[in-house]
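# Coordinate inspection notes
Chain by chain, the residues run as shown.
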Amino acid sequence: MIWDLIFGYLNIWKNHVIKLVNKKIYSKDIELSLIDSVAVDKLKDILLDLSEVGIDTILNNDLIKSIPIVGIISKIYGATVSVREHIFLRKVLSFLSETSNSSDEDRKNFLTKISRTKGLKEKIASSLLLRLDRLDDMDKPKLIGRIYTAHILEKISLDEMNRFTMIVDNLYLPDLIQLAKLNEGDHIDDISGYYCNILGIAKMTGIDLGSLDGIGGETWFEINELGNKFLSAVFSNQDAKIS
């Protein structure tokens, strides 16, 4: 009887270990499938008119499941996903929709290029997965997609792509939209300017200390050269529109 109990506990532990291993494998699969999805043939056609389609319908559509990230999520979770997975998949599709604005050839060249350096593809994939998962606004994945597209088209460097995605992640979306509407030489308001300065896309151009008792003080910020490049990547030909 004691041996039956021991073997029972060992079997429970074995199943627990198997689940942990599978979870780790699936996690890596999801990361790599996400970046592989960028280079899918005719991605734009596959993603056409998905905005009004339910996630359950997407996970049951064989054509859409040909996108690696959708296929692996369908395999792991089946046709029914939790709210968290629903939100994440919406972010992914929004991101991919923007990257599909570049040609199939350009996207494949991007994937080939990052695959040449050992560990680079995995690093980018892991970073992108974490970034999309934690974005606090459903419009931000579009902006991340535009930044990746700018790199795919070789308008910005890999370092700038990583830096700009970090900025989108950390900047308050209404402030970001407001920045795109500024004319050259316009000042950014104090709070937005302060954060933009920390993130490296704005410079302090002046300060007014106000009266002797500290009333009426003001600091002026303007978009710097890197900031202009960032805004060009995010809003180029978009007229500061998110949707």
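Read on for an overview of the structure. Here the structure is a predicted model, which means the values were calculated and not measured.

The helix and strand tally for the protein stands at 12 helices and two strands. In sequence order, the secondary structure elements of the protein are arranged as α-α-α-α-α-α-α-α-α-α-α-β-β-α. Within the span of the protein, comprising 243 residues, buried residues form 40% of the whole. Within the protein, contacts between residues at least 6 apart in sequence are counted, and of these 67% link residues at least 24 apart. Summed over all atoms, the accessible surface of the protein reaches about 14200 Å², with 54% contributed by carbon and sulfur.

Attention now moves to the packing of helix α8 (residues 140–152) against helix α12 (residues 225–235). Contact geometry of α8 with α12 gives a least axis separation of 7 Å together with a crossing angle of 105°. On the basis of the axis angle, α8 is roughly perpendicular to α12. The segment α8 lies against α12, with L143, R146, I147 and A150 engaging F230, A233, V234 and F235. The residue inventory of the contact of α8 with α12, partitioned by class, reads seven nonpolar, no polar and one charged.

Following the criterion strictly, the structure yields eight salt bridges and no others. Among the salt bridges present, the one from D104 reaches R107, with a minimum N-O distance of 2.3 Å. Of this pair, D104 and R107 both sit in helix α6 (residues 104–116), three residues apart, roughly one helical turn. Looking at R107, the relative accessible area reads 1%, which means it is buried. Linking K140 and D136 is a salt bridge whose minimum nitrogen-to-oxygen distance equals 3.0 Å.

It is worth spelling out the packing of aromatic side chains at this point. With the rule as written, the count across this model stands at four aromatic pairs. An angle of 85° between the planes, with centres 5.2 Å apart, marks the rings of F95 and Y148 as edge-to-face. Here the residue F95 occupies a position in helix α5 (residues 83–99), and Y148 occupies one in helix α8, the gap between them amounting to 53 residues. Given a relative accessible area of 0%, F95 falls into the buried group. Judged by relative accessible area, Y148 falls into the buried class, the value being 3%. Centre to centre, the rings of F164 and F230 are 5.3 Å apart; their planes meet at 65°, and the pair counts as edge-to-face. Placement of F164 in helix α9 (residues 158–170) and of F230 in helix α12 is noted, with a sequence separation of 66 residues between them. Pair check on accessibility: F164 and F230 agree, each one buried. Among the aromatic residues, those joined into a cluster by ring pairs are F95, F110 and Y148.

Along the polypeptide, N224 turns up in the loop between β2 (218–223) and α12. Within the structure, the side chain of N224 is placed 3.2 Å from the backbone nitrogen of L226, a separation counted as a polar contact. Here N224 is in contact with G200, I201, A202 and K203, once residues within four sequence places are set aside.

Each value, and the rule that gives it
- Residues numbered from 1 in each chain as written.
- Predicted model: local features only at pLDDT ≥ 70, side-chain atom pairs only at ≥ 80, totals over all residues.
- Heavy atoms only, no water.
- Helix = DSSP H or I, 4+ residues; strand = E, 2+ residues; numbered from the N terminus.
- Buried < 20%, exposed > 50% of the residue type's maximum accessible area, 1.4 Å probe, protein only.
- Contact = heavy atoms within 4.5 Å.
- Areas by Shrake-Rupley, 256 points an atom, 1.4 Å probe, with all protein chains shown as cover.
- Axes fitted to C-alpha atoms, helices over the stretch in contact; angles between N-to-C directions.
- Parallel < 35°, antiparallel > 145°, perpendicular 65-115°, else oblique.
- Nonpolar A, V, L, I, M, F, W, Y, C, P; charged D, E, K, R; others polar.
- Salt bridge = Lys/Arg side-chain N within 4 Å of Asp/Glu carboxyl O.
- Phe/Tyr/Trp six-rings, centres within 6.5 Å; stacked < 30°, edge-to-face > 60°.
- Polar contact = N/O pair within 3.5 Å; in protein donor to acceptor, adjacent residues only side chain to side chain.

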